[in-house]
Amino acid sequence: MLNDIIKKFQKADILVNYNAYSEIQGNDEYDYLIDELIEYVENNGDNEYIITTQTIRNYQMKERQRIHEEIKENPQTRKIRENQSMPYEILLDVTNKSYTDGDINDLNKYFNSRYEKLRKIIQQNPEFKSVNDLKTTKQAIDQLHAIGIVNSISNTKNGHVIIEIEDPTGDGSVIVLKDDEDLIAESKNLVKDEVIGITGSTNGNLIKADDIVHPGVQRFNTADDKEMDFSIAFISDVHIGSKQFDSNAFNRFIKWVNGNEGDEDLANSLRYLVIGGDLVDGIGIYPNQEKELEIKDIYGQYEEAARLLGDITDIPIILSPGNHDATRLAEPQPAITEKYAKDLCNQKNIEMVSNPSVVDLDGVKVVVYHGRSFDDMVMAMNLTHADTDEIMKLLVEKRHLAPIYGERTALASEFEDYMVLDEVPDVIHTGHVHINSYAKYKGIHLLNSGTFQKQTEFQKVYNIVPTCGQVPILSNGKMRVLDFSS
Ligand code: D5M
Ligand code: FE
Ligand code: ZN
């Protein structure tokens, strides 16, 4: 390789000093960089014939400026946006509502909150208007209705399923008989710590289940979509600072937002951009991450993010964090603060919100959740990271974004469980898995916005194949996906 690099420069009658050489050698696409540098040196006219690290900096600055000029907003797009109102309201942001100090009583309060919220939703079903407390189920009851948190799910050696449930008064063992095929299938979708309703009967010992009821959603698929005459773009997992960050695709996306690339009419109808976490790659997120970092400090990563997003000046950007961002890891995650991302916080069209959060974008209610809980759902349900639409449907039925407590998804034991889907939104926007997905379920758009990061070493090991540069756009109630990949 030494010879390769030196030879290429020699051919062009250019020398390269040691520091510049080391930097070029460390670049994953050094062949491309050499060609670019030669062209830069030959064209800049000051007879420079030794490349130093300063030459590389100058080249990068020029390149940035060139991209910046290309990306600048189309005047017509600007005019359209100037004449438009883009109202939005933050319906849930937990940033300043976090009070936990990890006390065990907090944990009780947390689970009580989860139970009470989900119980109320289950009780919207008239059948569950009156419910038997679990402490009263130690005697025979013919027609029983109970609501409990799932403590465990297990199989008996005879093929029945046992679900241990608990409510604030006591606990109970629910049996699903092996001959009840539908209910056995249903029980396979249960996870620890979710809240369910049970109908059945008990002999005072075991509760025999006739039905398992989820909080769910009353609404059904309707043909008539919510009226909207504008578009919303959803992105996540940009991973700025990673060597695998696809800056070409991202620049092309920004160019499109500004009316200078691809479908201009669609861009002109764009009114909001939602970012669902992992804006930067962060530092120290996994072992040996340094090797995969282009920008090795967190401030630099957010500065770069601010520089890139700074080209979007006149539509609101809703920015929610993910597990790579600089904020508490336990969910709900407070918004990214000025401490790490000063420029982003000061950009006037950027609204920093928590993960999860709920926003109303001119009448379209959007839940933004990064999606860390998918890792636990994948493990618990024997699914893969490509099954996000299935997982999101299950989460909607469970009315909870992260039901499994105490596994990979760190959940803060707040006094209130903010991960409950209190109300039914129009859109649930997730990320994290780096694979786009879309489904419409009971009138809700369930979407995953993929990534702008090409496959990493870690993902190779797990056989996760990312969909890089695919951006879902909700336009006039219909989902479209634009491809900005190279
Ligand atoms: O997540 C990037 C991808 O890697 C995403 O598909 C989830 C997957 N991932 C991340 N962490 C884990 C663990 N701990 N187990 C299994 N799969 C995981 P990102 O958050 O961008 O690193
Ligand atoms: Fe990510
Ligand atoms: Zn993530």
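Residues numbered from 1 in each chain as written. Chains lettered and ligands numbered in written order. Predicted model: local features only at pLDDT ≥ 70, side-chain atom pairs only at ≥ 80, totals over all residues. Heavy atoms only, no water.

Caption draft 1: Seen up close, the coordination of the zinc ion (ligand 3). Donor atoms from the polypeptide that coordinate the zinc ion (ligand 3) comprise Asp278 (OD), Asn323 (OD1), His370 (NE2) and His432 (ND1), at 2.2 to 2.3 Å from the metal. In primary-sequence terms, the residues that donate to the zinc ion (ligand 3) follow D-x44-N-x46-H-x61-H. A separation of 3.1 Å is found between the zinc ion (ligand 3) and the iron ion (ligand 2), both of which receive a donor from Asp278. Here Asn323 is found in the loop between strand S11 (317–320) and helix H11 (342–346), whereas its partner His370 is found in the loop between strand S14 (364–369) and helix H12 (373–381), with 47 residues between them in sequence. You'll find Asn323 and His370 in the same group, each marked buried. (Donors = N, O, S within 2.8 Å, 3.2 Å for Na, K, Ca; no water. Helix = DSSP H or I, 4+ residues; strand = E, 2+ residues; numbered from the N terminus. Buried < 20%, exposed > 50% of the residue type's maximum accessible area, 1.4 Å probe, protein only.)

Caption draft 2: Molecular detail of the site of ligand 1. What surrounds ligand 1 is a group of 14 residues, the closest being Asn323, His324, His432, Val433 and His434. Interatomic distance of 3.5 Å between a side-chain N/O atom of Arg408 and a nitrogen atom of ligand 1. Taken by itself ligand 1 offers 460 Å² of open surface, and the protein chains cover 87% of this. When atom positions are compared with the pocket grids, ligand 1 is found to occupy the second largest pocket. For the shell around ligand 1, the per-class residue count stands at three nonpolar, seven polar and four charged. (Near = heavy atom within 4 Å. Polar contact = N/O pair within 3.5 Å; in protein donor to acceptor, adjacent residues only side chain to side chain. Areas by Shrake-Rupley, 256 points an atom, 1.4 Å probe, with all protein chains shown as cover. 1 Å grid on protein atoms, 1.4 Å probe; cavity = no way out; pocket = protein on both sides within 12 Å on 5 of 7 lines; lining within 4 Å. Sits in = over half its atoms within 2 Å of the grid points. Nonpolar A, V, L, I, M, F, W, Y, C, P; charged D, E, K, R; others polar.)

Caption draft 3: View of the side chain of Asn349. Inspection of the secondary structure assignment puts Asn349 in the loop between H11 and strand S12 (350–352). Residue classification places Asn349 among the buried positions, given a relative accessible area of 10%. One polar contact links the side chain of Asn349 to the main-chain carbonyl oxygen of Ile312, over a distance of 2.9 Å. At 3.0 Å, the side chain of Asn349 forms a polar contact with the side chain of Gln347. Sequence-distant contacts of Asn349, defined by excluding residues within four places in its chain, comprise Ile312, Thr313, Asp314, Ile315, Pro316 and Ile317. (Contact = heavy atoms within 4.5 Å.)

Caption draft 4: Highlighting the coordination of the iron ion (ligand 2). Taken together, Asp237 (OD), His239 (NE2), Asp278 (OD) and His434 (NE2) make up the full set of protein donors to the iron ion (ligand 2), lying 1.9 to 2.3 Å away. Between consecutive donor residues of the iron ion (ligand 2), the sequence gaps follow D-x1-H-x38-D-x155-H.

Caption draft 5: View of the layout of surface pockets. If you add up the space inside the largest pocket, you get close to 1,900 Å³. Sorting the residues of the lining of the largest pocket by element identifies helix H3 (30–43), helix H4 (53–71), helix H8 (247–257) and helix H10 (298–309) as the ones contributing at least two each. Counting residues per element, the lining of the largest pocket draws most heavily on H4, which supplies 13 residues. Tallied by class, the residues present in the lining of the largest pocket amount to 13 nonpolar, 13 polar and 23 charged. By volume, the second largest pocket is sized at about 720 Å³. For the lining of the second largest pocket, the secondary-structure elements that each account for two or more residues are H12 and helix H14 (457–461). Among the elements that take part in the lining of the second largest pocket, H12 stands out by supplying three residues, more than any other. (Points joined across faces, edges and corners; volume = space filled by probe spheres on them.)

Caption draft 6: Just the pattern of salt bridges, in detail. Within the structure shown, the criterion is met by 27 salt bridges. Taking the shortest distance from any N to any O, the salt bridge between Lys255 and Glu70 comes out at 3.1 Å. Here Glu70 lies in helix H4 and Lys255 lies in helix H8, a separation of 185 residues in the sequence. By relative accessible area, which is 17% here, Lys255 ends up buried. (Salt bridge = Lys/Arg side-chain N within 4 Å of Asp/Glu carboxyl O.)

Caption draft 7: Inspection of the sheet that holds strand S3 (residues 88–93) at higher detail. One open sheet accounts for six strands, arranged S3-S13-S14-S15-S17-S16; its pairing is mixed. In this open sheet, the two edge strands, each paired with only one partner strand, are S3 and strand S16 (437–441). Put simply, the sheet's adjacent strands are angled 20° from each other on average, direction ignored. Pairing of S3 with strand S13 (residues 357–361), which is carried by five bridges, proceeds in the antiparallel orientation. When the sheet's bridge partners are listed, Asp93 is paired in S13 with Ser357. Across the sheet, helix H13 (residues 388–398) touches strand S15 (427–430), S16 and strand S17 (444–448), and the angle it forms with S16 is around 35°. (Pairing = 2+ DSSP bridges. Axes fitted to C-alpha atoms, helices over the stretch in contact; angles between N-to-C directions.)

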